[in-house]
Number of protein chains: 2
Amino acid sequence: MGSIDLKVVFKKYGIKNTLQRQAVYNYLTDASVPITAEQIYLELTRSETDAMNLSTVYRILDLFTKKGLVLKSNLQADGKSTYEMNHMEHRHHLICVKCNSIVPIKGCPLEDYEKRLSESTNYKILEHHLEILGVCPKCRQ
Amino acid sequence: MGSIDLKVVFKKYGIKNTLQRQAVYNYLTDASVPITAEQIYLELTRSETDAMNLSTVYRILDLFTKKGLVLKSNLQADGKSTYEMNHMEHRHHLICVKCNSIVPIKGCPLEDYEKRLSESTNYKILEHHLEILGVCPKCRQ
DNA sequence: AACGCAAATGCAAATCAGTTGCATTTGCGT
DNA sequence: ACGCAAATGCAACTGATTTGCATTTGCGTT
């Protein structure tokens, strides 16, 4: 599990190295899909060693997001925000409406589109959020 | 504004006809972009005649959404949900990050993409949510 | 046209995610 | 090892949305 020297990573981003931040970072690194602050909190708190306060989780996620380490998304239908590591590569997800599983999608269908949109509207396009909902192969039966 | 006989529309959807529901329906019909429950509440409340309780607005919006008359979206970065008439035609919006203005976009860039995605993943694709963020012409200066 | 009752509304209190103030603790440069 | 700014824990707060309950209203019936 993600045991590279985080001190170095954090320093690079101007982030002070604390146990809590290491725990959140490692947990996010291991997660392959976007997760909520509460999920992180509950999971870490169950393992005595990494226990921490929920507001600390929020503060750390905000910090990581501001520093560009983490991506925050408000797309979930239940209104909760989710967070995932910023792998730099822009990424979208496919969500199963039956089992709520989330899988990342390779590639982004919007690159050219944004260029054209920018020209036709004269907006400066910054980013976009996309989620696709469906039923996964397992749940289709 | 939008004074068709709503009784008929509501009946079709199995919705009991009340003054409050008419007011919300009409307001939504006149709105060209997604709006929050609070915006509806404030606007209607300012005109004595249509004044109503905020929780009623929420209840009506939930009802309309369940009946398919209205589309709800959690996309806003500030965490508020927005609602818009379901014109049946699938639509996306362009949001200005400076002034928060929202304009609808013509057409959807994802139609073909979804077909291909469905084939490659074996998911049954149901729908998608997309928002594009940028800076509008006015705010670019 | 009035009646009755289920459904809708108003109001206030509750909930839930997320934020904040402040006292205490910790990391890190010296 | 020392000192201080920054980070954390905790509890209280905020803002959006929901809910329980008493009152009101719409609508099918008489």
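As the structure is a prediction and not an experimental result, all values here were calculated from the model.

About the thresholds
- Residues numbered from 1 in each chain as written.
- Chains lettered and ligands numbered in written order.
- Predicted model: local features only at pLDDT ≥ 70, side-chain atom pairs only at ≥ 80, totals over all residues.
- Heavy atoms only, no water.
- Contact = heavy atoms within 4.5 Å.
- Buried area = accessible area lost by both parts, 1.4 Å probe.
- Salt bridge = Lys/Arg side-chain N within 4 Å of Asp/Glu carboxyl O.
- Helix = DSSP H or I, 4+ residues; strand = E, 2+ residues; numbered from the N terminus.
- Nonpolar A, V, L, I, M, F, W, Y, C, P; charged D, E, K, R; others polar.
- Least-squares fit on C-alpha atoms with pLDDT ≥ 70 in both.

### Considering the interface of chain B and chain A
At the interface, 35 residues of chain B touch 36 residues of chain A. Of the roughly 3000 Å² buried where chain B meets chain A, counting both sides, 66% is carbon and sulfur surface. Where chain B meets chain A, there are zero salt bridges. Breaking the side of chain B that touches chain A down by element, the ones donating at least two residues are β4 (92-96), β5 (102-105), α5 (111-121), β6 (124-135) and α6 (137-140) of chain B. Among the elements that take part in the side of chain B that touches chain A, β6(B) stands out by supplying 12 residues, more than any other. Looking at side-chain class alone, the side of chain B that touches chain A contains 20 nonpolar, nine polar and six charged residues.

### Let's talk about the relation of the copies chain B and chain A
Superposing chain B onto chain A takes a rotation of 179 degrees plus a shift of 0.2 Å along the axis, which leaves an RMSD of 0.7 Å. In symmetry terms, the pair is related by a two-fold rotation axis. Taking the C-alpha atom as reference, chain B places Leu130(B) closest to the rotation axis, 2.1 Å from it. Same-surface contact between copies: 100% of interface residues of chain B are shared with the interface of chain A.

Distances and angles like these do not, on their own, reveal function.
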